[in-house]
Amino acid sequence: MRLDQLQVAAGGPLYVKLKQAIEDAIKTEILKNGDALPAERDIAQSAGISRVTVRKAIDDLVQDGLLVRRRGSGTFVSKPVPRLQQPLSRLTSFSEDMRRRGMVAGSRWIDRKLYFPTAEETMMLGLSGGARVARLVRLRLADGMPIALERTSLPQDILDEPEAIVESLYETLEARGIRPVRANQRISAVTLADDESALLGVPPGSAALSVQRVAYLETGRVMEVSRALYRSDAYDLTAELSLQT
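Residues numbered from 1 in each chain as written. Predicted model: local features only at pLDDT ≥ 70, side-chain atom pairs only at ≥ 80, totals over all residues. Heavy atoms only, no water.

Caption draft 1: Quick look at the layout of surface pockets. Put simply, the largest pocket is a space of about 500 Å³. What lines the largest pocket is a set of 27 residues, among which Val 62, Gly 201, Val 202, Pro 203 and Asp 233 lie closest to the centre. Contributions of two or more residues to the lining of the largest pocket are made by α3 (51-63), β1 (67-70) and β6 (145-155). A total of four residues in the lining of the largest pocket trace back to one element, the largest contributor, which is β1. Of the pockets and cavities examined, the second largest pocket occupies roughly 400 Å³. The wall of the second largest pocket is formed by 16 residues, among which Glu 120, Gln 212, Val 225, Ser 226 and Arg 227 lie closest to the centre. Of all the secondary-structure elements, those providing two or more residues to the lining of the second largest pocket are α5 (119-125), β5 (133-142), β6, β8 (207-216) and β9 (222-231). Along the lines of polarity and charge, the residues of the lining of the second largest pocket split into four nonpolar, five polar and seven charged. (1 Å grid on protein atoms, 1.4 Å probe; cavity = no way out; pocket = protein on both sides within 12 Å on 5 of 7 lines; lining within 4 Å. Points joined across faces, edges and corners; volume = space filled by probe spheres on them. Helix = DSSP H or I, 4+ residues; strand = E, 2+ residues; numbered from the N terminus. Nonpolar A, V, L, I, M, F, W, Y, C, P; charged D, E, K, R; others polar.)

Caption draft 2: The packing of aromatic side chains, seen in detail. In the structure shown here, the tally under the stated rule is zero aromatic pairs. Here Arg 132 stacks its cationic end above the ring of Phe 116, 5.9 Å away from the centre of that ring. Lying over the aromatic face of Tyr 216, Arg 182 brings its terminal NZ or CZ to 4.0 Å of the ring centre. (Phe/Tyr/Trp six-rings, centres within 6.5 Å; stacked < 30°, edge-to-face > 60°. Lys NZ or Arg CZ within 6 Å of the ring centre and 35° of its normal.)

Caption draft 3: Representation of the side chain of Glu 23 in the model. Assignment of secondary structure puts Glu 23 in helix α1 (residues 14-27). Those residues in contact with Glu 23 that lie beyond four places of it in its chain are Leu 61, Asp 64 and Leu 66. (Contact = heavy atoms within 4.5 Å.)

Caption draft 4: The arrangement of helix α2 (residues 40-47) in detail. Within α2, burial applies to Glu 40, Ile 43, Ala 44 and Ala 47. For α2, the arc enclosing every buried residue in end-on projection is 100°, short of the 170-degree limit, so these residues lie on one face. Away from its buried face, by an angle of more than 90 degrees, α2 presents the exposed residues Arg 41 and Gln 45. Tucked inside the fold, the buried residues of α2 contact α1, α3 and β1. Following α2 by one or two positions, Gly 48 adopts a phi angle in the positive range, close to 70°. (Buried < 20%, exposed > 50% of the residue type's maximum accessible area, 1.4 Å probe, protein only. Arc of directions from axis to C-beta.)

Caption draft 5: Highlighting α3. End to end, α3 covers 18 Å across 13 residues, agreeing with the expected 18 Å (1.5 Å per residue, within 8%). Of the positions making up α3, those classed as buried are Thr 53, Val 54, Ala 57, Ile 58, Asp 60, Leu 61 and Val 62. Where α3 ends, the next residue or the one after it, Gly 65, has phi of about 85°, a positive value. (Expected span 1.5 Å × (residues − 1).)

Caption draft 6: Here's a closer look at unusual backbone geometry. One non-glycine residue, Glu 29, adopts positive backbone phi at about 65°. For Glu 29, the location among the structural elements is in the loop between α1 and α2. By relative accessible area, Glu 29 is classed as exposed at 52%. Unlike most non-glycine residues, Asp 143 shows phi in positive territory, near 55°. Counting through the fold element by element, Asp 143 comes out in the loop between β5 and β6.

Below you can see the structure in the form of structure tokens.
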């Protein structure tokens, strides 16, 4: 659809017609991954519509993941993001989950050291005085694409060398005979901070899924507490429910 024909084209409100025109240009590769959109004022002038209408269409496309705004640079066509589904009925590591999908799991380490625990870590992990915790902070990747920002804390006697973790925490611990048997998870919707958005490669203020996990050993001891922020444009959490009669 030519922008100068937008006013007379069928298809509902002007912003919807503009949105569809840009979507079609992306699907037919008239606009390719990484291409910059014209400035909003130029689009508005070409289509004979207001900049408010243009901004609404672009906002929707950014929310859908087809466009991305880069502060100080403009608006660009973004690489399509595959949606991943994580069943809540299985306790698996991120690496195991990615392998099941035929994808390559990766990590970009931000921190992995021993620290004196916070009051919350002491309480959640049931630590005694003087104990330390292993903290792991990393960006989780699927086929090289940032998917989640993960922060994990474990007692030092369970993980005394955080630097030994290269990829899968659970596989490293399992090699030492340590494996969680159950976990409680709490899921909520959050807004990412600017530094979190930058790490995950999404626009500032984007929504994310916050998954807080407390994992237990067979003895009932808490093995780890973690919080992962998943990109909401790339990750769905699913659960299978059955009717109890």
